[in-house]
Amino acid sequence: MTPQIWDFTDYKEFLRAWIDSQPHQGHGSKARLARAALCQTAYISQVVLAGAHLSPEQAERIGKFLGFSAEELDYFLLVLQKDRAGTESLRQLFLKQIQAQHKQRQQLKNR
């Protein structure tokens, strides 16, 4: 089952789950993400496994590659901003926005 971005508040965890959900234990998935992001496969590995981060432009390309709707792409970019935040106060600001989107999505889901 393909993971849904809405189930994550960490974009790296989402990417790991997406890779793991792909056929053949994810073989070649990082290369496909790298082509979509216009970067090297090794950089995607660093993003997924270590301290490197995607740029917003790379995240947008990956979101389009993954077929995100406009709302999913907005959420993906918000989670990216939270993870890239340089201060705890900025991280908390983005986290509040993420929680507000979760609440709004839950209300729409219940209708």
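For clarity, every value in this text was computed on a predicted model and none was experimentally measured.

With respect to the secondary-structure elements, glutamine 22 resides in the loop between helix H1 (11–21) and helix H2 (29–37). For the pair formed by glutamine 22 and proline 3, sequence separation is 19 residues and the distance between their alpha carbons is 10 Å. Those residues within four positions of glutamine 22 in sequence are excluded, and the remaining contacts are Ser29 and Arg32. Within the structure, glutamine 22 has its side chain in polar contact with the backbone oxygen of tryptophan 18 (distance 3.3 Å). For glutamine 22, the side chain forms a polar contact with the side chain of arginine 32, separated by 3.5 Å.

What follows concerns the packing of H2 against helix H3 (residues 41–49). H3 packs onto H2 with a crossing angle of 105° between their chain directions and a minimal axis gap of 8 Å. With respect to their mutual orientation, H2 and H3 come out roughly perpendicular. Facing H2, whose interface residues are Lys30, Ala31, Leu33 and Ala34, H3 presents Thr41, Ile44, Ser45 and Leu49. A breakdown of the residues in the contact of H2 with H3 according to their chemical character gives five nonpolar, two polar and one charged.

The full count for this structure, using the stated rule, is seven aromatic pairs. Taking 4.8 Å as the distance between ring centres and 35° as the angle between the ring planes, the aromatic pair formed by tryptophan 6 and tyrosine 75 counts as tilted. Taken together, the positions of tryptophan 6 in the segment before H1 and tyrosine 75 in helix H5 (residues 70–84) put the pair 69 residues apart, joining distant regions of the chain. On the accessibility criterion, tyrosine 75 (0% relative accessible area) is buried. Here the aromatic rings of phenylalanine 68 and phenylalanine 76 are separated by 5.3 Å at their centres, their planes lie at 75°, and the arrangement is edge-to-face. On the basis of relative accessibility, which here comes to 16%, the residue phenylalanine 68 falls in the buried class. Taken together, Phe8, Tyr11, Phe14, Phe68 and Phe76 form an aromatic cluster joined through their ring pairs.

Reading guide: rules and limits
- Here the residue index of a chain counts from 1 through its sequence in written order.
- Whole-chain, interface and lining totals are the exception, using all residues; otherwise, since this is a predicted model, local features are given only for residues with pLDDT of at least 70 and side-chain atom pairs are given and counted only at 80 or more.
- Just so you know, side-chain values use all the structure's heavy atoms and leave hydrogens and water out.
- We count a stretch as a helix when DSSP gives it H or I for four or more residues in a row; a strand needs E for two or more, and each element gets its number in order from the N terminus.
- Any two residues having at least one pair of non-hydrogen atoms within 4.5 Å are treated as being in contact.
- Pairs of N or O atoms within 3.5 Å make up the polar contacts considered here, provided that, within protein, one atom can donate a hydrogen while the other can accept it, and that residues adjacent in sequence are counted only when both atoms are side-chain atoms.
- Interaxial angles span 0 to 180 degrees and are taken between N-to-C directions of axes, which are lines fitted to C-alpha atoms, for helices over the stretch in contact.
- For classification purposes, angles smaller than 35 degrees are called roughly parallel, those larger than 145 roughly antiparallel, those between 65 and 115 roughly perpendicular, and all remaining angles oblique.
- Ten residue types, Ala, Val, Leu, Ile, Met, Phe, Trp, Tyr, Cys and Pro, are classed as nonpolar, four, Asp, Glu, Lys and Arg, as charged, and the remainder, Gly among them, as polar.
- A pair of Phe, Tyr and Trp rings is counted when the ring centres sit within 6.5 Å of each other, with Trp represented by its six-membered ring. The angle between the planes then sorts it: under 30 degrees is stacked, over 60 is edge-to-face, the rest tilted.
- We call a residue buried when its accessible area falls under 20% of the maximum for its residue type, exposed when it is over 50%, and partly exposed in between, using a 1.4 Å probe and counting protein chains only.

Geometric values such as these leave the question of function open.
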